[in-house]
Amino acid sequence: MKEKLSFSSYFVIGVMLFALFFGAGNLIFPASLGQNAGTNLWPAIIGFLITGTGLPFLGILAMGFSGSRNLQDLASRVHPVYAVIFTSLLYLTIGPFFATPRTGAVAYDIGIAPFVSDDFAKTGLFIFTLVFFGITVWLSLNPTKIVDRVGKILSPGIIILLAVLLITVIVKPMGSFEAPQEAYSSGAFMKGFTEGYNTMDALASLVFGIIVINAIRGLGVTSKKEILSATIKSGTVATIFLGIIYVGIAYLGATSTGKIGLFDTGGPVLSNASSYYFGTFGAIMLAAIIILACLTTSIGLITACGEYFNTLFPKISYKVFVLFFSLLSFTIANFGLANIINYSIPVLMFLYPLAIVLMLLTFMSPLFKHSRLVYVSTIAVTFLISIVDGLKTLCDSLKIPYFEWLSPIIDFYKDNLPMYAEGLGWLIPVLVVLIGTGIIGRVIFPGQDDIEASEV
């Protein structure tokens with residue numbers, strides 16, 4: 001039994017966490033942000049860092065602070081049925097429905113597709129994703145060694161390969177910052193803030209937090225205080241690595257526009273930058289970065305999903321879930337990256353506010369005596385806004401008219417909710433309800449520790 005972890009121990013766990021978070025999307029989005037932000041790079045990247053690294057860090061801490069056994073345990077503070085539905089939907093979203101297939105599809109599109117002719121594209125995608133998810137299965141079937149395999153072997157490879165590219169960019173930039181695109185010409189901070197959502201890391205943090213805590217416990221730490229302390233330290237390591245890489249890639253994007261042109265996505269930015277600096281070797285290096293980053297994320301997601309659904313359905317073994325989710329991810333990945341992204345965005349618009357509010361409630365829970373009234377009312381308000389945003393985004397993605405009953409609700413939200421156009425229409429109503437019900441829970445009905453009493 002250990003009271004504290006050594007620096008090397010929580011550093012390895014922190015690097016493991018970084019690798020679990022870091023996928024190809026984390027490369028693409030800051031590169032695109034840099035190109036579009038131009039001279040407004042710094043306010044934009046600060047906004048991006050808040051949601052791209054700050055929210056995932058808070059999610060990790062929320063799991064450690066709550067003392068919950070898992071995400072379902074934490075979400076049950078709202079209601080046990082809600083906990084199962086929310087947790088299952090979140091796991092499926094960051095798992096086999098969207099995020100895990102995206103890792104294989106992105107790895108192929110950026111790392112392999114440039115070397116494959118168009119005629120062989122579909123076959124190439126099939127073969128690559130078959131191998132990719134085959135490796136995922138192999139590395140996911142023994143989760144007890146996830147720290148050694150991911151933290152000590154794959155993660156340093158990602159960091160070293162990225163360091164070579166980014167140091168070269170800083171020493172010898174391709175050019176100077178260009179004028180910002182329209183979306184970043186005003187309100188660059190807020191635009192960067194919302195762009196950070198695309199990483200999906202805030203959702204994943206509620207899952208990866210348990211992996212971190214279990215890894216810490218596996219090293220002999222049992223004290224809740226020391227588990228939280230080690231979680232903070234490990235989370236800080238991961239956050240620092242993510243932040244440095246985000247800033248470096250965004251800087252690459254901002255200095256590349258005059259030399260290689262403006263692209264719709266960040267993938268070609270990285271491909272062209274690597275080729276510019278290193279030629280064919282650069283393209284191969286980028287392929288290695290993408291594949292390693294995607295593979296580590298895929299392993300983490302499949303492992304987490306398999307463990308959760310095994311607890312939900314214990315009669316079905318963990319190995320069966322790993323095989324099933326990997327096969328499902330392989331199948332969906334072959335529908336192509338564009339389709340995966342288009343259908344994931346509406347779900348993210350629905351889930352993201354619910355996840356963020358759950359984090360907020362976790363940290364503030366002692367202030368309102370853990371009253372279930374606060375949890376239920378605040379999540380209910382969030383749900384009523386986020387479900388409309390999700391449906392609105394779905395209709396926009398499919399380019400179909402809004403449902404007849406949906407249009408007046410959208411118009412009402414636009415007219416009455418501050419920051420609704422920026423995707424934060426839920427924020428003010430949530431704060432108002434949280435404060436109001438919090439006062440009721442603490443002052444009008446003092447001494448009612450609803451959640452704690454129900455968990456004893």
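All of these numbers come straight from a predicted model, not from anything done at the bench.

What counts, and where the lines are drawn
- Residues numbered from 1 in each chain as written.
- Predicted model: local features only at pLDDT ≥ 70, side-chain atom pairs only at ≥ 80, totals over all residues.
- Heavy atoms only, no water.
- Helix = DSSP H or I, 4+ residues; strand = E, 2+ residues; numbered from the N terminus.
- Contact = heavy atoms within 4.5 Å.
- pLDDT = per-residue confidence, 0-100.
- Expected span 1.5 Å × (residues − 1).
- Buried < 20%, exposed > 50% of the residue type's maximum accessible area, 1.4 Å probe, protein only.
- Salt bridge = Lys/Arg side-chain N within 4 Å of Asp/Glu carboxyl O.
- Domains from an automatic or database assignment.
- Buried area = accessible area lost by both parts, 1.4 Å probe.
- Polar contact = N/O pair within 3.5 Å; in protein donor to acceptor, adjacent residues only side chain to side chain.
- Phe/Tyr/Trp six-rings, centres within 6.5 Å; stacked < 30°, edge-to-face > 60°.
- Core = buried A, V, L, I, M, F, W, Y, C linked by side-chain atoms within 4.5 Å.
- Axes fitted to C-alpha atoms, helices over the stretch in contact; angles between N-to-C directions.
- Left-handed = near helix turned anticlockwise from the far one by under 90°.
- Nonpolar A, V, L, I, M, F, W, Y, C, P; charged D, E, K, R; others polar.

Engineer: So what about the side chain of Arg 102? Which residues, and what values?
Structural biologist: Tracing the backbone shows Arg 102 in helix α6 (residues 99-112). In contact with Arg 102, not counting residues within four places along its chain, are Phe 29, Asn 198, Thr 199, Met 200, Leu 337 and Ile 340.

Engineer: I'd love a proper account of the confidence of the model for the protein, names of residues and values included.
Structural biologist: For the protein, the mean per-residue pLDDT works out to 86, and 93% of the residues sit at or above 70. At the low end of the mean pLDDT range in the protein sits helix α20 (residues 450-455), at 48; at the high end sits helix α15 (residues 318-333), at 96.

Engineer: Go over helix α13 (residues 266-278), please, and point to the residues and values.
Structural biologist: Under the 1.5 Å per step criterion, the end-to-end length of α13 is 18 Å for 13 residues, consistent within 8% with the ideal 18 Å. Buried residues of α13: Gly 266, Gly 267, Val 269, Leu 270, Ser 271, Ala 273, Ser 274 and Tyr 277, and no others. In the stretch just after α13, Gly 279 is the one whose phi turns positive, near 65°.

Engineer: Pulling in residues and values, what's your account of the pattern of salt bridges?
Structural biologist: Enumeration over the complete set of coordinates arrives at 3 salt bridges. Between Arg 69 and Asp 73 there is a salt bridge whose closest N-O contact spans 3.5 Å. Judged by its relative accessible area of 61%, Arg 69 is exposed. According to the relative accessible area criterion, Asp 73 is buried, its value standing at 13%. We note a salt bridge from Glu 195 to Lys 191, for which the minimum N-O separation is 3.5 Å. Of this pair, Glu 195 and Lys 191 are both found in helix α10 (residues 188-195), 4 residues apart, which corresponds to roughly one turn of the helix.

Engineer: So what about the environment of Leu 141? Which residues, and what values?
Structural biologist: Locating Leu 141 in the fold gives a position in the loop between α7 (121-140) and α8 (146-171). The class for Leu 141 is partly exposed, based on a relative accessible area of 31%. Other than its neighbours up to four places away in sequence, Leu 141 contacts Tyr 318, Lys 319 and Val 322.

Engineer: Would you mind going over the side chain of Ser 68 in detail, with residue names and values included?
Structural biologist: The topology assignment puts Ser 68 in the loop between α3 (41-66) and α4 (71-75). Ser 68 gets classed as buried once you look at its relative accessible area, which sits at 5%. Contact partners of Ser 68, with chain neighbours within four places excluded, come to Met 63, Asp 73, Leu 74, Arg 77 and Ile 210.

Engineer: Which residues make up the domain arrangement of the protein, and what values do they have?
Structural biologist: Once the domains are mapped, the protein shows domain 1 (7-334) and domain 2 (339-447). When each unit is reduced to the centre of its C-alpha atoms, the spacing between domain 1 and domain 2 is 25 Å. Between domain 1 and domain 2, the contact holds 37 residues from the first and 24 residues from the second. Each partner contributes to the roughly 2,600 Å² buried at the junction of domain 1 and domain 2, and carbon and sulfur atoms together form 82% of this total. The tally of links from domain 1 across to domain 2 stands at 0 salt bridges. Viewed at the interface, domain 2 and domain 1 are joined by 5 residue pairs in polar contact (both at pLDDT 80 or more). Looking at the side of domain 1 that touches domain 2, the elements that each hand over two or more residues are α3, α4, α5 (80-97), α6, α10, α11 (201-218) and α15.

Engineer: Residues and numbers for the packing of aromatic side chains, please.
Structural biologist: Applying the stated criterion across every chain yields a total of 34 aromatic pairs. Aromatic side chains Phe 65 and Phe 363 sit 5.5 Å apart centroid to centroid with 40° between the ring planes, which places their arrangement in the tilted category. Taken as a pair, Phe 65 in helix α3 and Phe 363 in helix α16 (residues 337-364) lie far apart in primary sequence, 298 residues in all. Judged by relative accessible area, which is 33%, Phe 65 ranks as partly exposed. Relative accessible area serves as the criterion here: at 29%, Phe 363 is assigned to the partly exposed category. Ring centres of Phe 368 and Tyr 375 lie 5.7 Å apart, and the angle between their planes is 75°; on these two criteria the pair is classed as edge-to-face. You'll find Phe 368 and Tyr 375 in the same group, each marked buried. An aromatic cluster of three or more residues is present, and its members are Phe 7, Tyr 10, Phe 11, Phe 18, Phe 22 and Phe 241.

Engineer: Give me the lowdown on the nonpolar core, citing residues and values where you can.
Structural biologist: Counting residues in hydrophobic clusters, the biggest one holds 136 residues, and the most contacted among them are Phe 22, Leu 33, Phe 86, Ile 94 and Phe 208. In terms of residues, this core owes the most to one element, helix α14 (residues 280-312), which gives 14 residues. Counting the residues that make up this core, at least three belong to each of domain 1 (7-334) and domain 2 (339-447).

Engineer: An account of unusual backbone geometry is needed here, citing residue identities and associated values.
Structural biologist: The residue His 370 is not glycine, and still its phi comes out positive at about 60°. Residue position: His 370 is located in the loop between α16 and α17 (372-398). A relative accessible area of 12% means that His 370 is categorised as buried. In this structure, Lys 399 takes a positive phi of about 55° despite not being glycine. Inspection of the secondary structure assignment puts Lys 399 in the loop between α17 and α18 (406-416).

Engineer: Tell me about the packing of α3 against α10, residues and numbers included.
Structural biologist: The description of two helices packed together rests on the angle between their axes and the distance between the axes. Relative orientation of the contacting elements α3 and α10 amounts to 30°, with a least axis distance of 6 Å. Judged by the sense of rotation from one axis to the other, the crossing of α3 with α10 is right-handed. Side by side, α3 and α10 meet where Pro 43, Ala 44, Ile 46, Gly 47, Phe 48, Ile 50 and Thr 51 of the first sit next to Ala 188, Phe 189, Gly 192, Phe 193 and Glu 195 of the second. Of the residues assigned to the contact of α3 with α10, the class counts are 8 nonpolar, 3 polar and 1 charged.

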